[in-house]
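Chain and residue survey
Below, each chain spelled out in residue letters.
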Amino acid sequence: MELTLTTPALLFPAISLLLLAYTNRFLTLANLIRELHRSYKNNPEEIIFAQILNLRYRVILIRNMQIFGVGSFFGCVLCMLLIFTGYILISQYVFAVSLLGLMISLGLSLRELQVSVDALNVRLSDLEQQQK
């Protein structure tokens, strides 16, 4: 396989958009945590506490998604530098590691999506209890 400067450069827009999406998720969760924290201080209910715990876990997942995404981005830039300086074999390994980092980031994103659905189920469970 021939690795040229354009190969890792192809990942730049994808990784940038992923990092933007991850940041938006993080900011949304941070605001929600602040709201729930205030609400819990005024009215300590078990369901609010469960939501806060779920959100804490999701924030940790998003942090790790961002870490692996940034690592992947860094790997692509390093790969381009290595190609530019003529270290082709090393650049192939670096590119492979950056692809692995991107895969891990996407896997964590899937897990965060599953947990967010669980969070919605927790939120809706109080409505079901009220209906009974």
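All residue numbers here refer to positions counted from 1 along the written sequence of the relevant chain. Residues qualify for local features only when their pLDDT is at least 70, as the model is predicted, and side-chain atom pairs are given and counted only at 80 or more; totals for whole chains, interfaces and linings, by contrast, use all residues. By convention in this description, side-chain values take in all heavy atoms of the structure and omit both hydrogens and water.

Helical segments are the DSSP runs of H or I of at least four residues, strand segments are the runs of E of at least two, and each set is numbered from the N terminus. The topology assignment puts Ser91 in helix H4 (residues 88–131). Note on exposure labels: buried denotes an accessible area under 20% of the residue type's maximum, exposed denotes more than 50%, and partly exposed covers the range between, all computed with a 1.4 Å probe on protein chains only. According to the relative accessible area criterion, Ser91 is buried, its value standing at 0%. Ignoring any residue separated from it by four or fewer positions in sequence, one finds Ser91 in contact with Leu3, Cys79, Leu82 and Ile83. Every residue pair with non-hydrogen atoms within 4.5 Å of one another is taken to be in contact.

Attention now goes to the state of the cysteines. Two cysteines, two sulfur atoms, one covalent bond between them: this is a disulfide. The disulfide criterion is simple: two cysteine sulfur atoms within 2.5 Å. One pass over the full model with this rule turns up 0 disulfides. Considering cysteine sulfurs only, Cys79 is the nearest to Cys76, which forms no disulfide, with 6.8 Å between them.

This part is about the pattern of salt bridges. By convention in these notes, a salt bridge is any Lys or Arg side-chain nitrogen within 4 Å of a carboxyl oxygen on Asp or Glu. Applying the stated criterion across every chain yields a total of 2 salt bridges. Glu112 is the partner of Arg25 in a salt bridge, and the nearest nitrogen-oxygen pair spans 3.3 Å. Residue Arg25 is located in helix H2 (residues 11–42), and its partner Glu112 is located in helix H4; the two are separated by 87 residues in the primary sequence. Take Arg25: its relative accessible area is 27%, and that puts it in the partly exposed class. With a shortest N-O distance of 2.8 Å, Glu112 and Arg58 are connected by a salt bridge. Taken as a pair, Glu112 in helix H4 and Arg58 in helix H3 (residues 46–85) lie far apart in primary sequence, 54 residues in all. By relative accessible area, which is 12% here, Arg58 ends up buried. Salt bridges linked by common partners bring Arg25, Arg58 and Glu112 together as one network.

Once that is clear, we can look at the environment of Met103. Its location among the elements puts Met103 in helix H4. In this structure the C-alpha to C-alpha distance between Met103 and Ser72, which are 31 residues apart in sequence, comes to 9.1 Å.

With 44 residues, H4 should cover 64 Å at 1.5 Å per step; its first-to-last C-alpha distance of 65 Å lies within 8% of that length. Here the bend at a residue means the angle between the axes of two seven-residue stretches, the one that ends at it and the one that starts at it. The largest bend along H4 measures about 25° and falls at Leu124. For a helix, the expected span equals 1.5 Å multiplied by the residue count minus one.

A word on the packing of H2 against H3. Following both chains from N to C, one finds H2 and H3 inclined at 160°, their axes separated by 9 Å at the closest point. The orientation of H2 with respect to H3, classified from their angle, is roughly antiparallel. The way H2 lies across H3 gives a crossing that is left-handed. A per-class count over the contact of H2 with H3 returns 23 nonpolar, 8 polar and 2 charged. Axis definition: a line fit to C-alpha positions, over the contact stretch in the case of helices; interaxial angles, taken between N-to-C directions, run 0 to 180 degrees. Under this scheme an angle from 65 to 115 degrees is roughly perpendicular, one under 35 degrees roughly parallel, and one over 145 degrees roughly antiparallel; angles in between are oblique. By convention, the crossing between two helices is left-handed when the near helix turns anticlockwise from the far helix through less than a right angle, and right-handed when the turn is clockwise. Asp, Glu, Lys and Arg are counted as charged, while Ala, Val, Leu, Ile, Met, Phe, Trp, Tyr, Cys and Pro are counted as nonpolar; the rest, among them Gly, fall into the polar class.

Note on terminology: a nonpolar core comprises buried Ala, Val, Leu, Ile, Met, Phe, Trp, Tyr and Cys residues joined through side-chain atoms within 4.5 Å. Leu11, Ile15, Cys79 and Phe95 are the most contacted members of the largest nonpolar core, which totals 23 residues. Elements with a contribution of two residues or more to this core: H2, H3 and H4. It is H3 that contributes the most residues to this core, 11 residues altogether. Not counting residues up to four positions away in its chain, the partners in contact with Ile15 are Gly69, Ser72, Phe73, Cys76 and Leu102.

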